Amino acid sequence: MPAMLTAQFTVLPLSQSPSPQASFRLGLRPSPAARARSVAPVAAASAAAVSAKPAAASSPLVADRKVVRIGLPSKGRMAEQTLSLLKSCQLSVRQLNPRQYTADIPLIPNLEVWFQRPKDIVRKLQSGDLDLGFVGFDIVSEYGEGTEDLVVVHDALDFGHCRLSLAVPKEGIFENIITLEDLLKMPEWTDERPLRVVTGFGYLGDKFLREKGFKHVRFLSADGALESYPPMGVADAIVDLVSSGTTLRENNLKEIDGGVILESQATLVASRKSLHKRKGVLEVTHELLERLEAHLRATAELMVTANMRGNSAEEVAERVLSQTSICGLQGPTISPVYCRRDGKVDVEYYAINVVVPQKLLYKSIQQLRSIGGSGVLVTKLTYIFDEETPRWRNLLSELGL
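Residues numbered from 1 in each chain as written. Predicted model: local features only at pLDDT ≥ 70, side-chain atom pairs only at ≥ 80, totals over all residues. Heavy atoms only, no water.

## What about the environment of T267?
Formally: Runs of H or I in DSSP of at least four residues are treated as helices and runs of E of at least two as strands, each being numbered from the N terminus. Any pair of N or O atoms that falls within 3.5 Å is considered a polar contact. Within protein, one atom must be able to donate a hydrogen and the other to accept it, and sequence-neighbouring residues count only if both atoms are side-chain atoms.
Relative to the assigned elements, T267 resides in strand 12 (residues 266-271). Sequence separation of T267 and D155 is 112 residues, and the distance between their C-alpha atoms is 4.7 Å. Looking at T267, its side chain comes within polar contact range of the main-chain oxygen of V135, at 2.7 Å.

If you want it as structure tokens, here you go:
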């Protein structure tokens, strides 16, 4: 597992998630045990308690603003995917004029949408000009600089996947450099001739290399075409976002073991001050979490229906529960299939409904067939709502509500 940078702002942990979370454990502060409360009463109680809870930071909120503001990326693939995710959650963004930076979401009347550059979303969350925002974890980490003013409410929105990584040339003095330790031990780096690193992530890059023991490093700031700097002789290495690694390879660069600074994907971020003080922010956050969790969980699952002969529902249930891949969320739903035989209503088959992970679909069908299942139907799911959203409990616990 590549070494990762420790960030200090709060990322709410979750044991079960629709996508892997291991890459997001960057200095997570464990939340206190979640209090046993139901969602609706807690939301109401929390809203009443917000005004009495002191904010974590000193800068005041804009007092005359009554609406809740959320920042969305203004352009690029991240912007498209954010809008697509919201639409999948029945939260389509209505932008009357494509040249305007503001929009709304009709289903949440008190929510005002602002299209911003990702780094400006983070800055405006810190200043109180925005209350919520969709932004990559890499941007939160770089421009948040470890502040506790930001709370990463949902850290796994399952798009915008990338990693911030250190890369060096494949040839020349770096030909035999395979690991970060190899790079550290190179005798070339001195006060007079430091390792020159070009990046748009100066805070993360500098923090990472200092923590790894590098003493002779000089950072050069740049925003684009970083891969051209080492071949031109302007820099020795780059720190940049990597998805597939194709661009690095095509420019004769390579990642090295231990050089991954952090793994990133899209996140939902909130201002801690706004959650505590601004009316309506907690309620809007609750609704967003409910919709996001229900949709993201459903995208990884399928509903499988099959018919099975049996003498009773209990007998069929015994057979189904004997198979590991078809036990469902809490268990299978089994109901009689009625038919008319010799002029009488009779039951010969039972219908089995079970939710299975997409990756286990074929195995589940094989297991159903092995115990007599037939006529198997597979249906995509749109939402799976939990009794209570785990991330909501974690957020309330983190805020002390």
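## Focus on the sheet that holds strand 16 (residues 373-380)
The cut-off we apply is this: Strands are treated as partners if at least two bridges between them are detected by DSSP. Throughout, an axis means a line fitted to C-alpha atoms (over the contacting stretch in the case of helices), and angles, computed between N-to-C directions, take values from 0 to 180 degrees. Any two residues whose heavy atoms approach within 4.5 Å at even a single point are treated as in contact.
Within the open sheet, the four strands sit side by side as 14-15-13-16. Their pairing is antiparallel. Of all strands in the sheet, those bounded by a partner on one side alone are strand 14 (333-341) and strand 16. Strand-to-strand twist in this sheet, taken as the mean axis angle between neighbours without regard to direction, amounts to 25 degrees. Pairing between strand 14 and strand 15 (residues 344-357): nine bridges, direction antiparallel. Paired with R340 across the bridge in strand 15 is V345. With respect to the sheet, helix 11 (residues 313-321) is in contact with strand 13 (301-309), strand 14 and strand 15, its orientation differing from that of strand 13 by roughly 130 degrees.

## Brief notes about unusual backbone geometry
It is generally the case that most residues other than glycine have a negative phi and that most peptide bonds are trans. A positive phi angle, near 50 degrees, is found at A225, a position not held by glycine. As for its position among the elements, A225 is in the loop between strand 9 (217-221) and helix 7 (229-232). Within the chain, D342 stands out as a residue other than glycine whose phi angle is a positive 55 degrees.

## Brief notes about the environment of Q116
The condition is simple: The buried label applies to any residue whose accessible area, calculated with a 1.4 Å probe on protein chains only, is under 20% of its type's maximum; exposed applies above 50%, and partly exposed to all values in between.
Residue position: Q116 is located in strand 4 (residues 111-116). Owing to a relative accessible area of 10%, Q116 belongs among the buried residues under this scheme. Sequence spacing of Q116 and G133 is 17 residues, and the spatial spacing of their C-alpha atoms is 9.6 Å. Residues contacting Q116, with those up to four places away along its chain left out, are L72, P73, S74, I121 and K124.

## Considerations on the pattern of salt bridges
The following threshold applies: Should a side-chain nitrogen of Lys or Arg be within 4 Å of a carboxyl oxygen of Asp or Glu, the pair is scored as a salt bridge.
Summed over the entire model, instances satisfying the criterion amount to 23 salt bridges. Across the pair D120 and R123 runs a salt bridge whose closest N-O atoms are separated by 3.6 Å. With D120 and R123 both in helix 3 (residues 118-127) and three residues apart, the pair spans about one turn of that helix. On the accessibility criterion, D120 (15% relative accessible area) is buried. Among the salt bridges present, the one from R341 reaches D346, with a minimum N-O distance of 3.1 Å. One salt-bridge network, in which partners are shared between bridges, spans R309, R341, D346 and E348.

## Some remarks on the packing of aromatic side chains
For clarity, the threshold we go by: When two rings of Phe, Tyr or Trp (its six-membered ring) have centres within 6.5 Å they constitute a pair, described as stacked for plane angles under 30 degrees, edge-to-face for angles over 60, and tilted for the intermediate range.
For the structure shown, the criterion picks out two aromatic pairs. Aromatic side chains F174 and W189 sit 6.1 Å apart centroid to centroid with 25 degrees between the ring planes, which places their arrangement in the stacked category. Here F174 is found in the loop between strand 7 (162-169) and helix 5 (180-184), whereas its partner W189 is found in the loop between helix 5 and strand 8 (195-199), with 15 residues between them in sequence. Each member of the pair, F174 as well as W189, carries the same accessibility label: buried.

## Digging into the sheet that holds strand 10 (residues 237-242)
Spatial ordering of the open sheet is given by 9-8-10-7-11, a layout of five strands whose pairing is mixed. Edge positions in the open sheet fall to strand 9 and strand 11 (253-264), since each of these has one partner strand only. Ignoring which end each strand starts from, the neighbouring axes of this sheet average 25 degrees apart. With five bridges joining them, strand 8 and strand 9 adopt parallel strand pairing. Counted as the bridge partner of L195 is V217 from strand 9. Helix-sheet contacts for helix 4 (residues 137-144) involve strand 7, strand 10 and strand 11, and the interaxial angle to strand 11 is about 85 degrees.

## Some points on the nonpolar core
The test is simple: Only buried residues count toward a nonpolar core. Its members are Ala, Val, Leu, Ile, Met, Phe, Trp, Tyr and Cys residues joined through side-chain atoms within 4.5 Å.
Among the nonpolar cores identified, the biggest contains 35 residues, and I70, F134, L157, L288 and L395 are the most heavily contacted of them. With seven residues, helix 10 (residues 281-299) is the largest single contributor of residues to this core. In terms of nonpolar packing, the next biggest core, distinct from the first, is built from 32 residues, V135, V152, L180 and L209 among them.

## Looking at the environment of H216
Following the sequence through the fold, H216 ends up in the loop between helix 6 (202-211) and strand 9. C-alpha of H216 to C-alpha of E192: the two residues are 24 residues apart in sequence and 8.6 Å apart in space. Apart from residues no more than four positions distant in its own chain, H216 is found in contact with W189, T190, D191, P194 and L195.

## Details of the confidence of the model for the protein
Worth spelling out the cut-off: Scored from 0 to 100, pLDDT records how confident the predictor is in each individual residue.
Per-residue confidence for the protein averages 86 on the pLDDT scale, and 84% of its residues sit at or above 70. In the model, residues 15-58 has pLDDT below 50 throughout and makes 85 contacts with residues more than four positions away in sequence or in other chains.

## A few points about the packing of helix 3 against helix 4
Our working definition: Angles below 35 degrees are treated as roughly parallel, those above 145 as roughly antiparallel, those between 65 and 115 as roughly perpendicular, and all remaining angles as oblique. Two helices cross in a left-handed way if the nearer one is turned anticlockwise from the farther one by less than a right angle. They cross in a right-handed way if the turn is clockwise. Residues are grouped as follows: Ala, Val, Leu, Ile, Met, Phe, Trp, Tyr, Cys and Pro are nonpolar; Asp, Glu, Lys and Arg are charged; every other residue, Gly included, is polar.
In the contact formed by helix 3 and helix 4, the axes pass within 9 Å of each other and the chain directions differ by 55 degrees. Overall, the two elements helix 3 and helix 4 adopt an arrangement that is oblique. Remark: the crossing between helix 3 and helix 4 carries right-handed chirality. Contact residues: P118, K119, V122, R123 and Q126 in helix 3; I139, V140, Y143 and G144 in helix 4. Partitioning the contact of helix 3 with helix 4 into residue classes produces five nonpolar, two polar and two charged.

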